[in-house]
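# Structure assessment
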Amino acid sequence: MKNRNSILVLALIALFAFTTSCKQNAEENKDAETEAKTEDLTETPAKISIAKLEGSPAYADAALMLEDPAGAEISSGGAIDFTFKIENYELGAQTDSPNAEKLANSGKGQHIHFILNNQPYSAHYEPAFNKEIPDGVHHLVAFLSRSYHESVKNENSVVVRKLMVGENPTDSLGLDMEAPTLIYSRPKGTYAGADAKSILLDFFVLNTTLTADGNKVKATINGEEFMITEWAPHVISGLPMGEVSIQLELVDANGDVIPGPFNSVTRTVTLTE
């Protein structure tokens, strides 16, 4: 009888251990399933990408000319009057393109990007305005821009002018106006809400052609590198909120930066919800 009771006790202990083990395994499996579902719901960071922008009107016959100042020499620095002549292009008009809905778009319409010494541009919606310019040698690049800030790219849509301001102006940049040169345009400033989803990447190139086996523009966006082999606007997608670093470099066939004071430039923009 005693042996029978011992066997019964051992059987009950084994049954209890088996039941406990099964319950524990079930709970572990449940926890694993819950964790997997939680991981599925967790958003992975979007990958930064760039793509060529299509669908903009060409404005192939648009032209921009600088009438005043007429020459390169300006007697003294300060508020200098600039007067441009525009042909086959309307300042202040909204560009007729779906891209106006996809990208940050100026409510004031089409305009001129006025860039001095490859610094951030100022936008001008009238052909005449004045700018504060100190004494010295300055390099002006101005071109027509669509309402969503994409530059008009033809040989007549841009003005390139060396300005010598003041008496005995000093050239601290040493730019060769005939050499291959990169001029940064966009992105610029702060992008909020829907405008932060698709960001225009745009620039002007002078005295060169971009090709797959020749000169190119290398864009480094938050540390990720992209090689641009065609002079065309691009759209950046997948950028995180916050501060974004963008570097543009004009490089040769070997990937080396082409000498020139403007051929490597880094800018910072901010994206907010």
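Because the structure is a prediction, the values reported are computed rather than measured. (Residues numbered from 1 in each chain as written. Predicted model: local features only at pLDDT ≥ 70, side-chain atom pairs only at ≥ 80, totals over all residues. Heavy atoms only, no water.)

### Examining the overall build of the protein
Test applied: Numbering of helices and strands starts at the N terminus; helices are DSSP runs of H or I of at least 4 residues and strands are runs of E of at least 2. Only protein chains enter the area calculation, which uses a 1.4 Å probe; residues under 20% of their type maximum are buried, those over 50% are exposed, and those in between are partly exposed. Between two residues, a contact is recorded if the distance between any of their heavy atoms is within 4.5 Å.
When helices and strands are counted, the protein shows two helices and 17 strands. Across the 273 residues that make up the protein, the buried fraction comes to 41%. The contacts in the protein between residues at least 6 apart in sequence include a share of 69% that link residues at least 24 apart.

### A word on the pairing of strand β10 (residues 181–186)
Test applied: A pair of strands is considered paired only if DSSP assigns at least 2 bridges between the two.
Summarising burial for β10: six of the six residues are buried, a large majority. Strand direction decides the pairing type here: β10 and strand β12 (residues 198–206), joined by five bridges, are antiparallel. From the neighbouring strand, Thr 181 faces β12, where its bridge partner is Leu 206.

### Some thoughts on the side chain of Asn 99
With respect to the element layout, Asn 99 can be found in helix α2 (residues 99–102). Sequence-distant contacts of Asn 99, defined by excluding residues within four places in its chain, comprise Leu 53, Glu 54, Gly 55, Ser 56 and Tyr 148.

### Structural notes on the sheet that holds strand β11 (residues 190–192)
Here is the rule: Interaxial angle, 0 to 180 degrees, is taken between N-to-C directions of lines fitted to C-alpha atoms, where a helix line uses only the stretch in contact.
Strand order across the open sheet formed by five strands is β11-β17-β16-β13-β14, with mixed pairing between neighbours. The sheet terminates laterally at β11 and β14 (224–228), the two strands that pair on one side only. Averaged over all neighbouring strand pairs, the angle between strand axes comes to 25°, with direction disregarded. Two elements, strand β16 (residues 242–251) and strand β17 (residues 264–272), share eight bridges in a ladder whose sense is antiparallel. Within β17, the position partnered with Val 244 by the bridge is Val 269.

### Some points on the nonpolar core
The condition is simple: Working definition of a nonpolar core: buried Ala, Val, Leu, Ile, Met, Phe, Trp, Tyr and Cys residues. They are joined through side-chain atoms within 4.5 Å.
Among the nonpolar cores identified, the biggest contains 26 residues, and Phe 203, Val 217, Ile 221, Ile 236, Leu 239, Ile 246 and Leu 248 are the most heavily contacted of them. Elements with a minimum of two residues in this core: β10, β12, β13 (216–221), β14, β16 and β17. Look past the residues within four positions of Phe 203 in its chain and what remains in contact with it is Ser 151, Lys 153, Leu 182, Ile 183, Tyr 184, Ser 185, Leu 210, Val 217, Ile 228, Trp 231, Ala 232 and Leu 248. In terms of nonpolar packing, the next biggest core, distinct from the first, is built from 21 residues, Leu 66, Leu 91, Phe 129 and Val 152 among them.

### Some points on the side chain of His 113
In this structure, His 113 sits in strand β5 (residues 111–116). Sequence-distant contacts of His 113, that is, excluding residues within four places in its chain, are made with Tyr 121, Ser 122, Val 141, Ala 142, Phe 143, Ser 145, His 149 and Ser 185.

### Quick notes on the sheet that holds strand β8 (residues 136–145)
Taken in spatial order, the five strands make up an open sheet running β3-β9-β8-β5-β6, and their pairing is mixed. Lying at the two open borders of the sheet, with one neighbouring strand each, are β3 (73–74) and β6 (122–124). Across three bridges, β5 lies against β6 in antiparallel orientation. The residue of β6 that forms the bridge with His 113 is Ala 123.

### Considerations on the pattern of salt bridges
Using the following cut-off: Should a side-chain nitrogen of Lys or Arg be within 4 Å of a carboxyl oxygen of Asp or Glu, the pair is scored as a salt bridge.
This structure, assessed with the given rule, holds six salt bridges. Put simply, Glu 225 and Lys 218 hold a salt bridge, and the shortest N to O gap is 3.9 Å. Judged by relative accessible area, Glu 225 falls into the exposed class, the value being 54%. In the salt-bridge network here, residues are joined through shared partners; they are Lys 218, Glu 225 and Glu 249.

### Looking at the packing of aromatic side chains
What counts here: Centres within 6.5 Å are what make two rings of Phe, Tyr or Trp a pair, Trp counting through its six-membered ring; a difference in plane orientation under 30 degrees is then read as stacked, over 60 as edge-to-face, and the rest as tilted.
Evaluated as defined, the whole model comprises seven aromatic pairs. Where Phe 82 meets Phe 114, the ring centres are 5.0 Å apart and the plane angle is 75°; that geometry is what we call edge-to-face. One end of the pair, Phe 82, is in strand β4 (residues 78–87); the other, Phe 114, is in strand β5, and 32 residues separate them in sequence. Here Phe 82 falls in the buried class, since its relative accessible area comes to 0%. The interplanar angle of 25° and the centroid separation of 5.9 Å between the aromatic rings of Phe 84 and Phe 129 together place this pair among those described as stacked. Within this pair, whereas Phe 84 is found in strand β4, its partner Phe 129 is found in strand β7 (residues 128–133), the two being separated by 45 residues in sequence. The same class applies to Phe 84 and to Phe 129, which are both buried.

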